[in-house]
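Tertiary structure, described
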Amino acid sequence: MSTRILLGLTLSLAIAAAQAAAASEASRVQTSDSGVISVATPISDLNLSTPEGAKALLARLRHAASIACGDRPDRWEGLQAIQTYKVCLRKSMDDAVDQVHAPLVTALYRGHGDAMASAGGPG
């Protein structure tokens, strides 16, 4: 099973591995006719009711959001470009976490994870 992030907006052996990784990553990225970028993010191998699984998913979602939003702008590109990038990441993460419908993932993302993790997960 996969979830998608919807956005309103890697020497011989090492090179071969990087090219294979890039091709694999590119196959997960799709752009709709309206310009919405989606990045398939696997979740079937994770137990989202455990802190470890929820944290692993959040890391995957952050990586997918960074792919979809593009490279982080350099300082010389200006404050507006950096702000636009940050807004894209935040919106992407907000939307992705909402689409997953996993209480512990949502709690960790929203900053309530410490209390839930120490209590053994959601109630």
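What counts as what
- Residues numbered from 1 in each chain as written.
- Predicted model: local features only at pLDDT ≥ 70, side-chain atom pairs only at ≥ 80, totals over all residues.
- Heavy atoms only, no water.
- Helix = DSSP H or I, 4+ residues; strand = E, 2+ residues; numbered from the N terminus.
- Buried < 20%, exposed > 50% of the residue type's maximum accessible area, 1.4 Å probe, protein only.
- Areas by Shrake-Rupley, 256 points an atom, 1.4 Å probe, with all protein chains shown as cover.
- Core = buried A, V, L, I, M, F, W, Y, C linked by side-chain atoms within 4.5 Å.
- Contact = heavy atoms within 4.5 Å.
- Axes fitted to C-alpha atoms, helices over the stretch in contact; angles between N-to-C directions.
- Left-handed = near helix turned anticlockwise from the far one by under 90°.
- Nonpolar A, V, L, I, M, F, W, Y, C, P; charged D, E, K, R; others polar.
- Expected span 1.5 Å × (residues − 1).
- Arc of directions from axis to C-beta.
- Salt bridge = Lys/Arg side-chain N within 4 Å of Asp/Glu carboxyl O.

1. Digging into the overall build of the protein chain
For the protein chain, the helix and strand inventory stands at five helices and three strands. Ordered by position from the N terminus, the helices and strands of the protein chain form the series β-α-β-β-α-α-α-α. The buried share of the protein chain, reckoned over its 123 residues, is 32%. Of the accessible surface of the protein chain, which amounts to about 7700 Å², a share of 57% is contributed by carbon and sulfur atoms.

2. Let's talk about the nonpolar core
Core analysis: the biggest nonpolar cluster contains 16 residues, and L48, L57, L58, L61, V100 and V105 have the highest contact counts within it. Looking at this core, the elements with two or more residues in it are α2 (51-69), α3 (79-100) and α4 (103-110). When residues of this core are assigned to their parent elements, the largest contribution, five residues, is made by α2. Residues within four places of L48 in sequence aside, it is in contact with G53, A54, L57, V100, A102, L104 and V105.

3. With respect to the environment of I67
Locating I67 in the fold gives a position in helix α2. When the C-alpha positions of I67 and V39 are compared, they lie 7.8 Å apart, and in sequence the two are 28 residues distant.

4. Considerations on the packing of α2 against α4
At a closest axis distance of 9 Å, the pairing of α2 and α4 adopts a crossing angle of 65°. In this structure, α2 crosses over α4, and the sense of that crossing is right-handed. Where α2 approaches α4, its residues P51, A54, K55, L57 and L58 are matched on the opposing element by L104, V105, L108 and Y109. Here the contact of α2 with α4 is built from residues that sort into eight nonpolar, no polar and one charged.

5. Observations regarding unusual backbone geometry
Non-glycine residue H101 carries a positive phi angle of around 60°. By the secondary structure assignment, H101 is in the loop between α3 and α4.

6. Digging into α2
The end-to-end C-alpha separation of α2 is 27 Å, in line with the 27 Å expected for 19 residues at 1.5 Å each. Within α2, the full set of buried residues consists of P51, G53, A54, L57, L58, L61, A64, A65, A68 and C69. Taken end-on, α2 shows its buried residues confined to a sector of 155°, consistent with a single buried face. Exposed residues pointing more than 90 degrees away from the buried face of α2 are listed as E52 and K55. Downstream of α2 by one or two residues, G70 has phi in the positive range, about 90°.

7. Focus on the pattern of salt bridges
Enumeration over the complete set of coordinates arrives at four salt bridges. D95 is the salt-bridge partner of K91, the closest N and O atoms lying 2.8 Å from each other. Here the residue K91 and the residue D95 both occupy positions in helix α3, the gap between them amounting to four residues, near one helical turn. Put simply, R110 and D98 hold a salt bridge, and the shortest N to O gap is 3.0 Å. Here D98 lies in helix α3 and R110 lies in helix α4, a separation of twelve residues in the sequence.

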